[in-house]
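One-letter residues, chain by chain:
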Amino acid sequence: MTPVPFLVSPFSPLSYDLMLFLLFPDVDLGPGMQKPQLLVPVMATPNGTLVHPAYFLLVGIPGLGPDIHFWLAFPLCFMYAMATLGNLAIVLIIRVERRLHEPMYLFLAMLSTIDLVLSSVTMPKMASLFLTGIQEIGFNVCLAQMFLIHALSAMESAVLLAMAFDRFVAICHPLRHASVLTGPTVAKIGLAALTRGFVFFFPLPFILKRLSYCQTHMVTHSFCLHQDIMKLSCSDTRVNVVYGLFIILSVMGVDSLFIGFSYILILKTVLELASQGAALKAFNTCISHLCAVLVFYVPLIGLSVVHRLGGPTSLLHVIMANIYLLLPPVVNPVVYGAKTKEIRSRVLHMFLQGGR
């Protein structure tokens, strides 16, 4: 096996610590001394040698000790179980019930599928980190997790926009709803959401790989995000900053504007209805979607703002990132299950049959 080289000069003050670590890897180097970080030179560039860490270290929640992290793993596992069972139940119910094969429910099935994958990408690794205290995550594994998190978030944003368009057509142009949102059209919208999420975020791992990481490799979250990995680099990150800002504005920013515009038109149409009962009934069909939009976009916008302001990552960054990634997969099935009569009745029927 080829040994992993250390980028430490033999005349460096760290050379003595390095020899101790190589000869006795489990020895305590004492106060003020740290085990050298594994840095792998990848290739030579005009600006010097490109250096990647063998792994990153996930911090979890800064300021909390291992004991608190350990106990936090149990509610996290419960949330993962809720997210998995809830989203899986919605997908299966919509799949089985042919009367639910309508645009609104088909988009809901897409949303639940994305939430199911997103929670599986983040929560098991977080639970493992909290339970075992093992912080290491491989460099390429971290980049893969980062890509999936951002791409799936973009897909969820696109599906939320499609659901807003569905509500707009259903309320503002009810006679054209069946002809506009046909089965093939819904399938094409889903494929477009999948393609856009993949295409826009596929370059992220590659523009991160062009950077050198010769400083700390502590990721101040429980998962890998583009902004945090970028901050660990000692190279020029202007390309990453510009491209990251471009995709957040052109994907989530544009989606949120169109969703807001859709609801302005919906509200205008609802207020023009003669009957107050009809207006409340029409707007009530949007409540679940509005909750999903707020749960997704409010933490996302807040997280983007605090990251763009710069400065060291604080506890607020970490909490908002956790809310942004962990809350929607748990909350969406509960909200849609409670507010959608067809899904609620089907779930109750399943429980009643299981209890007999």
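Rules of the game
Residues numbered from 1 in each chain as written. Predicted model: local features only at pLDDT ≥ 70, side-chain atom pairs only at ≥ 80, totals over all residues. Heavy atoms only, no water. Helix = DSSP H or I, 4+ residues; strand = E, 2+ residues; numbered from the N terminus. Buried < 20%, exposed > 50% of the residue type's maximum accessible area, 1.4 Å probe, protein only. Contact = heavy atoms within 4.5 Å. Pairing = 2+ DSSP bridges. 1 Å grid on protein atoms, 1.4 Å probe; cavity = no way out; pocket = protein on both sides within 12 Å on 5 of 7 lines; lining within 4 Å. Points joined across faces, edges and corners; volume = space filled by probe spheres on them. Axes fitted to C-alpha atoms, helices over the stretch in contact; angles between N-to-C directions. UniProt positions renumbered as here; feature names shortened; annotations may be inferred. Disulfide = S-S within 2.5 Å. Core = buried A, V, L, I, M, F, W, Y, C linked by side-chain atoms within 4.5 Å. Salt bridge = Lys/Arg side-chain N within 4 Å of Asp/Glu carboxyl O.

Caption draft 1: Here's a closer look at the overall build of the protein. Per the secondary structure count, the protein includes 13 helices and five strands. The buried share of the protein, taken over its 356 residues, is 43%. Contacts in the protein between residues at least 24 apart in sequence constitute 75% of all its contacts with a sequence separation of at least 6.

Caption draft 2: The arrangement of the pairing of strand β3 (residues 55–58) in detail. Bridging between β3 and strand β4 (residues 136–138) involves three bridges; their strand directions are antiparallel. Residue pairing across strands places Y55 opposite G138, the latter belonging to β4. Pairing geometry for β3 and strand β5 (residues 218–219), over two bridges, is parallel. Each bridged residue has a counterpart across the sheet, and for L58 the counterpart in β5 is V219.

Caption draft 3: Representation of the layout of surface pockets in the model. Looking at the largest pocket, its volume works out to about 510 Å³. Considering the residues around the largest pocket, the lining is formed by 20 residues, among which M104, Y105, R167, N284 and T285 are closest to the centre. It is helix α3 (residues 103–132) that contributes the most residues to the lining of the largest pocket, four residues altogether.

Caption draft 4: Representation of the sheet that holds β5 in the model. Pairing is mixed in the open sheet, where three strands are placed in the order β4-β3-β5. Looking at strand neighbours, the two that pair on one side only are β4 and β5, the edges of this open sheet. Its contacts with the sheet put helix α4 (residues 139–172) on β3 and β4, and the angle it makes with β4 is roughly 80°.

Caption draft 5: How the structure looks around the UniProt feature "transmembrane region" (unreviewed entry) in the protein. As annotated in UniProt, the feature "transmembrane region" (unreviewed entry) corresponds to residues 70–93, 105–123, 143–165, 186–208, 241–266, 287–309 and 315–336 in the numbering used here. With 100% helix and 0% strand, residues 70–93 has its two end C-alpha atoms placed 35 Å apart. Strand forms 0% of residues 315–336 and helix 100%; the C-alpha atoms that close the span are 31 Å apart.

Caption draft 6: Expanded view of the state of the cysteines. Per the stated rule, a full pass over the model turns up one disulfide. A sulfur-sulfur distance of 1.9 Å marks the disulfide that ties C142 to C224. One disulfide, between C142 and C224, carries an S-S torsion of -120° and so falls in the left-handed class. Of this pair, C142 sits in helix α4 while C224 sits in the loop between β5 and α8 (226–231), and the two are 82 residues apart along the sequence. For the pair formed by C142 and C224, the shared burial category is buried. Among the cysteines around C172, which has no disulfide bond, C286 carries the closest sulfur, lying 8.9 Å off. The class for C172 is buried, based on a relative accessible area of 18%.

Caption draft 7: Structural view of the nonpolar core. Counting 84 residues, the largest nonpolar core has F56, L160 and I229 as its most contacted members. The leading source of residues in this core is α4, at 20 residues.

Caption draft 8: Here's a closer look at the pattern of salt bridges. Applying the stated rule across the entire model yields five salt bridges. Note that D255 is salt-bridged to R196, the shortest N-O span being 2.6 Å. In this pair, D255 sits in helix α9 (residues 238–271) while R196 sits in helix α6 (residues 183–201), placing the two residues 59 residues apart along the sequence. Given a relative accessible area of 19%, R196 falls into the buried group. R238 is the salt-bridge partner of D236, the closest N and O atoms lying 2.7 Å from each other.

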